[in-house]
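What follows is each chain in one-letter form.
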Amino acid sequence: MSGTVLLLCLALGPALRPARCESTEEYDYDYLSINKTWVLTPKTQETDATQILNSLLKNYDNKLRPDIGIKPTFIDVDIYVNSIGPVSVIQMEYTIDIFFAQTWYDRRLRFNSTLKALTLNTNMVSRIWIPDTFFRNSKRADSHWITTPNQLLRIWNDGKVLYTLRLTIEAECLLQLQNFPMDTHSCPLVFSSYGYPREEIVYRWRRYSIEVSDQRTWRLYQFDFTGLRNTSEVLRTGAGEYMVMTVSFDLSRRMGYFAIQTYIPCILTVVLSWVSFWIKRDSTPARTSLGITTVLTMTTLSTISRKHLPRVSYITAMDLFVSVCFIFVFAALMEYATLNYLVGNKKPLEHNSRKARLPPAGAQVMPSFTAININNIMHWPPEIEDDEDEDPGSPCLEGKECERFFCCIEDCQTGMWREGRVRIHISRLDSYSRVFFPTAFLLFNIVYWIAYLYL
């Protein structure tokens, strides 16, 4: 049996051996083809770059700035604004995403080679000197690390160094809300050296050093970006004088949201309170309910308007508008209370010349409507809507001169109206309010919008 198996192996061996060799040759061929790609790649520049880095870092001390003890190091700054927003009014801060670039010269990093520049990854950042720049008004700042640290280091053969990184910063922005929601703001981004004074590091803006991306991707929901400006100043402290660089982003608020949520409802509520002037005076439940409802509505709108604002101690433009609207609504309610009180407490006027005389004893009394001066009787509730032109409760003196005045008290009958006083007819108070309230509110709106939008 064992001999039979041996014979089969010897017979099939030549047939299996070529296939194995063929697969091995094919595998070797693929491997060699891959190796050929690497072999054909020139290695002179790679070797040159490695030698350059090794020679540059051999005696390099990254703890010392360039030209220490000789002259200050000049750092040119460039900023590319990727996005701005959102802006938090309550926290008084804004978020900005930027590419921050710094350029300086380091004579220790000069090299002679056919390579003009070396573009390196983040592993080299910690091995050379870089500025200690920090953002003075930042609350939180994050550097992007996905998928690798978003940093770039480039060294030119003349010693020029470019270092860029991507940052997302939440910076302070002190908002002045006196003109809210028609306000404009300038949100700064301030940076400087943390430890080096002006005698050692000087920051400089280059021409067109600040660029912005497409603003359609920005999350400035309530604001419009109107422009930017960059400045530099010297900050004097106890530790020395520091060069401070500032980029200011100008923003103007869009008031469409606040017009829909606050201004239009307030105006409609005020107009609704005027409806009570056309309701009859004796409809006490209707007029009282309408007045109280409008007052409570204005209270709710006032609370909502302050919900999205910090608790500032001064009055904003919206606070002024809401407060005046509340006064108009409250005055409309008080108008009916005043009218109801004065008319209800009005005394009938009696005159000695027109007093009703009692008939003598034993005389036959016949029904007659002339025995009582009807004009001196106060009816309640008075029907002013039917005949407003008459004055049933307070007759005036006979003559045309007195009829030109509005008589409501006894002074008109005693002649005190001749001193130049104009008497207002109580029963016509609703008629006066129909004209006074809309006119006063219209004048207020004209002055308000002109003052805050154009002055």
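Residues numbered from 1 in each chain as written. Predicted model: local features only at pLDDT ≥ 70, side-chain atom pairs only at ≥ 80, totals over all residues. Heavy atoms only, no water.

K.L.:
How would you explain the state of the cysteines if you had to name every residue and give the values?
P.N.:
Within this structure, the stated rule accounts for one disulfide. Between the sulfur atoms of Cys173 and its disulfide partner Cys187 the distance amounts to 2.1 Å. What sets the handedness of the Cys173 and Cys187 disulfide is the S-S torsion sign, and at about -75° it is left-handed. In this pair, Cys173 is assigned in the loop between β7 (160-172) and β8 (184-193) and Cys187 in strand β8, connecting sequence segments 14 residues apart. Cys187 shares its class with Cys173; the two are buried. In this structure Cys325 is not part of a disulfide, and its nearest cysteine sulfur, from Cys266, lies 4.9 Å away. On the basis of relative accessibility, which here comes to 0%, the residue Cys325 falls in the buried class. (Disulfide = S-S within 2.5 Å. Helix = DSSP H or I, 4+ residues; strand = E, 2+ residues; numbered from the N terminus. Buried < 20%, exposed > 50% of the residue type's maximum accessible area, 1.4 Å probe, protein only.)

K.L.:
A description of unusual backbone geometry should follow, citing residues and the corresponding values.
P.N.:
A cis amide bond links Gly85 with the next residue in sequence, Pro86, at an omega value of 0°. Among the structural elements, Pro86 can be located in strand β1 (residues 73-88). Cis geometry is adopted by the peptide bond preceding Thr147, which originates at Ile146 and carries an omega value of 0°. In this fold, Thr147 is placed in the loop between β5 (138-143) and β6 (151-156). Here Met92, not a glycine, exhibits a phi torsion of approximately 55°, which is positive. The residue Met92 is located in the loop between β1 and β2 (93-105) in this model. On the accessibility criterion, Met92 (18% relative accessible area) is buried. One non-glycine residue, Tyr208, lies in positive phi territory at about 55°. Examined against the element boundaries, Tyr208 turns out to sit in strand β9 (residues 201-212). Taking the relative accessible area as the measure of exposure, Tyr208 reaches 63% and is therefore exposed.

K.L.:
Could you give an account of the confidence of the model for the chain, with specific residues and numbers?
P.N.:
Looking at the chain, pLDDT values average 80 and 73% of them are 70 or higher. Contacts of residues 4-12 to residues separated by more than four positions or lying in other chains number zero contacts, the stretch itself having pLDDT below 50. (pLDDT = per-residue confidence, 0-100. Contact = heavy atoms within 4.5 Å.)

K.L.:
Any details on the sheet that holds strand β10 (residues 223-237)? Residues and values, ideally.
P.N.:
Across the sheet, which stays open at both edges, the four strands sit in the order β4-β8-β11-β10 with antiparallel pairing between neighbours. In this open sheet, the two strands that pair with only one neighbour each are β4 (133-135) and β10. Direction aside, the axes of adjacent strands within the sheet are offset by 20° on average. Bridge count between β8 and strand β11 (residues 240-253): nine bridges; the pairing is antiparallel. Looking at the pairing, Val190 lines up with Thr246 of β11. (Pairing = 2+ DSSP bridges. Axes fitted to C-alpha atoms, helices over the stretch in contact; angles between N-to-C directions.)

K.L.:
Residue-level account of the packing of helix α3 (residues 256-273) against helix α5 (residues 317-344), with values.
P.N.:
One can describe the packing of α3 onto α5 by two numbers: an axis separation of 8 Å at closest approach and a directional angle of 20°. Taken together, the axes of α3 and α5 are roughly parallel relative to one another. Judged by the sense of rotation from one axis to the other, the crossing of α3 with α5 is left-handed. Residues Phe258, Thr262, Tyr263, Cys266, Ile267, Thr269, Val270 and Ser273 of α3 pack against Ala317, Met318, Phe321, Val322, Cys325, Phe328, Val329 and Ala332 of α5. (Parallel < 35°, antiparallel > 145°, perpendicular 65-115°, else oblique. Left-handed = near helix turned anticlockwise from the far one by under 90°.)

K.L.:
So, the packing of α3 against helix α4 (residues 284-305): which residues are in play, and what are the values?
P.N.:
Contact geometry of α3 with α4 gives a least axis separation of 10 Å together with a crossing angle of 165°. In terms of orientation, α3 lies roughly antiparallel with respect to α4. The chirality of how α3 crosses α4 is left-handed. Seen from α3, the contacting residues are Gln261, Thr262, Pro265, Cys266, Thr269, Leu272 and Ser273; seen from α4, they are Leu290, Thr294, Thr297, Met298, Leu301 and Ser305.

K.L.:
Explain the pattern of salt bridges to me, and be specific about the residues and the numbers.
P.N.:
Per the stated rule, a full pass over the model turns up 19 salt bridges. Glu200 serves as the salt-bridge partner of Arg65, at 3.4 Å between the closest nitrogen and oxygen. In this pair, Arg65 sits in the loop between α2 (44-58) and β1 while Glu200 sits in the loop between β8 and β9, placing the two residues 135 residues apart along the sequence. Classification of Arg65 as buried rests on a relative accessible area of 5%. Residue class for Glu200 comes out partly exposed when judged on its relative accessible area of 27%. The partner of Arg140 in a salt bridge is Glu170, and the shortest N-O contact between them spans 2.3 Å. With Arg140 in strand β5 and Glu170 in strand β7, this residue pair connects regions lying 30 residues apart in the sequence. Look at Glu170 and you get partly exposed, because its relative accessible area is 22%. Residues joined by salt bridges that share partners form a network here, namely Glu93, Lys139, Arg140 and Glu170. (Salt bridge = Lys/Arg side-chain N within 4 Å of Asp/Glu carboxyl O.)

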